[in-house]
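Observations on chain architecture
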Amino acid sequence: MTGWIKVSLRFLVVFAANYVPTEKILLDCGADSDQPDSDGRDWTSDRGSLFLSSSANSSTATASTQDPSVSQVPYLTARIFRSNFTYSFPVVSGRKFIRLYFYPSSYSGLNASSALFSVTAGSYTLLSNFSVAQTAEALNYVSIMKEYLVNVDGERLNITFSPSSNPSSAFAFVNGIEIVSMPDIYSNVDGVMIVGQDSPFPIDNTTALENVYRLNVGGNSITPSADTGLFRSWSDDQIYLYGASYGVPQSADPNMTIRYPAGMPSYVAPTNVYVTARSMGPDPRININYNLTWIFSVDSGFNYLVRLHFCEVSNITKVNQRVFDIFLNNQTAEDGADVIAWAGGNGNNGVPVYKDYVVLVPGGPPQQDMWLGLHPNPKSKPQYYDSILNGVEIFKLSNSNGDSLAGPNPIPAPKQEEIDPTKARPSSGSGQSKSPTAIIAGVVSGGVVLAIVIGFCVLAASRRRSRHGKEQSSSDGPSGWLPLSLYGNSHSASSAKTNTTGSYTSSLPSNLCQDGAKGMVGEDEEVPFNAAYKGKKDPDVSLGYDGNVTDSRSSGISMSIGGRSVASEDSDGLTPSAVFSQIMNPKRTMKS
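None of these values were measured; they are calculated from a predicted model.

So, about the sheet that holds strand β14 (residues 172-174). Strand order in the open sheet made by the 3 strands is β6-β7-β14, with antiparallel pairing throughout. The sheet is open, and its two borders are formed by β6 (58-62) and β14, each paired with just one other strand. Averaged over all neighbouring strand pairs, the angle between strand axes comes to 30 degrees, with direction disregarded. One ladder, built from 5 bridges, connects β6 with strand β7 (residues 77-81); its direction is antiparallel. Following the sheet pairing, Thr 60 is matched in β7 by Arg 79.

Encoded structure:
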């Protein structure tokens, strides 16, 4: 039962309570019988279902192969359509989640690459000429789940699958359909402010949304059954982080209770989102010189709703202790964000808040990158130069031309050719050609020499820094150096697994956010040490918080070689052999 606690004359908090949906339909398409999925949710077979407009124009089949990482329910079986086919669901009017499940495999001998089709829900076009196989290959996904939010005015929701007219062998299929009624927690009829503009963007019942990202920042993935009754999936954020310095995961003290403020429904996001976070780290001299950045690939030519979730889970309890700027697509979305101030003022750590922004993504290539960056704001002289984020949700908004959410199929990356040394062409000159073993040995030797040279460069930089005399104190201002990998394209997670859709490798641009230099501290300006973290602290600053923190970065100069991080110590005691050892045997800095 929901309970209210009065903590002041003007501020109330509420404990979490799950939403109870009016409709909850889980349809296992083509299945012989009803059965639960790996998350414990019960799915109903669509064979003989009243939701089928007619079974004459469809057939059922079992996937010819099944990846072991994919749940059999609902991905093992499918319903296949060679002409237009409609599922008709009796519902009450209001907002609905529509989730469509696809597994690209051969069904009844049909080639998965021939599946090319469109999907509509009422008047909204959800997918157009959609290729499951191409999308899965481009994203390196094993399976695909598409989630939409649409408003239903009448008493029926019709979902129609239409095979494309070209090629003639095209067909449509679906493995699972989920319909869940939902509260209206994403609409804003007054409008959400557009980043970079002063005008609001209204999101009302005529706007359909597609969820493209939902992340539990700094924490683990959250399964649908662990959500707040809305059955959303939350992924971990590591694979979207840019740069080698990807911040510090934080978790709340076990005794902390998340207290939802009045006016914010507790089912907006689960407590597991708010009890974990990602901040920048304990060293303000590093923090002030880089952005904590995430990168998301999105379809061009659409507008996007970006919802950011915040909650101070540490002992930061006062206004102006941690203040930072928020950048979206190289534009300032928020200048001087202060989570404690947003939550109601001093003493409101553990109180969650969220902020909505609309980002206009112009036309151009089929997909482009959306940047999200956080940077300390020194203008108000906060106690800590740091930033924090707990969760991210990104939604594509239907366009005004035909109420469409359909984007182009992503283009798979070119496949690398395998090099077979035995097929190497012999030298055209006289004499014996070099053996494959000698060629490989030469390449490896050259790589080792290059690695040693790079190691000596790092060592020299470290020694040069130590020769300047005493080590800078926290009041000396920023040190003027950064981890080398922050300046280039050294994505910290070139390969990682997601919870619901397999794994992928992302290719990222090389430039950092243009606003990254905004708010840099001058030579004579004091930079406070972030005493909120365990470890070294300034004697003039009291301990800010003692939450569970894991610092994944070295305090020395760091660099990225082969996708891994190598760090040098701030002393002359690091010998060339030690540098070589670190390079040849680097430690992994990420959870697998």
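Time to look at the pairing of strand β15 (residues 176-181). Counting buried positions over the 6 residues of β15 gives 6, a clear majority of the element. Residues Gly 176, Glu 178 and Val 180 line one face of β15 and the alternating positions Ile 177, Ile 179 and Ser 181 line the opposite face, and both faces are buried. Both strand β3 (residues 24-28) and β15 contribute to a ladder of 5 bridges, which runs antiparallel. Looking at β15, one finds that Lys 24 is bridged to Val 180.

Quick look at the pattern of salt bridges now. Considering all chains together, one arrives at 21 salt bridges under this definition. One salt bridge connects Arg 99 with Glu 147, and the closest N-O pair in it is separated by 2.7 Å. A residue pair is termed long-range when its members are at least 10 positions apart, and Arg 99 in strand β9 (residues 94-102) and Glu 147 in strand β12 (residues 144-152) qualify at 48 residues. Like Arg 99, the residue Glu 147 is buried in the burial classification.

Attention shifts here to the sheet that holds strand β10 (residues 117-121). Ordered by their spatial adjacency, 4 strands build an open sheet running β8-β13-β10-β11, and the pairing between neighbours is antiparallel. Looking at strand neighbours, the two that pair on one side only are β8 (85-90) and β11 (124-130), the edges of this open sheet. Sheet twist, expressed as the average angle between the axes of neighbouring strands with direction ignored, equals 10 degrees. Relative to strand β13 (residues 156-163), β8 runs antiparallel, the two being bridged by 6 bridges. Each bridged residue has a counterpart across the sheet, and for Ser 88 the counterpart in β13 is Asn 158.

Residues Val 73 and Pro 74 are joined by a peptide bond in cis, for which omega reads 5 degrees. Mapped onto the secondary structure, Pro 74 falls in helix α1 (residues 72-75). With an omega of 5 degrees, the peptide bond between Asn 166 and Pro 167 qualifies as cis. Located in the positive-phi region is Ser 108, a residue other than glycine, with phi close to 55 degrees. With respect to the helices and strands, the residue Ser 108 is situated in the loop between β9 and β10. Looking at Ser 108, the relative accessible area reads 58%, which means it is exposed. With a phi close to 65 degrees, Asn 330 is a non-glycine residue in the positive phi region. Turning to its location among the elements, Asn 330 is positioned in the loop between β26 (324-328) and β27 (331-337).

About the cut-offs
Residues numbered from 1 in each chain as written. Predicted model: local features only at pLDDT ≥ 70, side-chain atom pairs only at ≥ 80, totals over all residues. Heavy atoms only, no water. Pairing = 2+ DSSP bridges. Helix = DSSP H or I, 4+ residues; strand = E, 2+ residues; numbered from the N terminus. Axes fitted to C-alpha atoms, helices over the stretch in contact; angles between N-to-C directions. Buried < 20%, exposed > 50% of the residue type's maximum accessible area, 1.4 Å probe, protein only. Salt bridge = Lys/Arg side-chain N within 4 Å of Asp/Glu carboxyl O.

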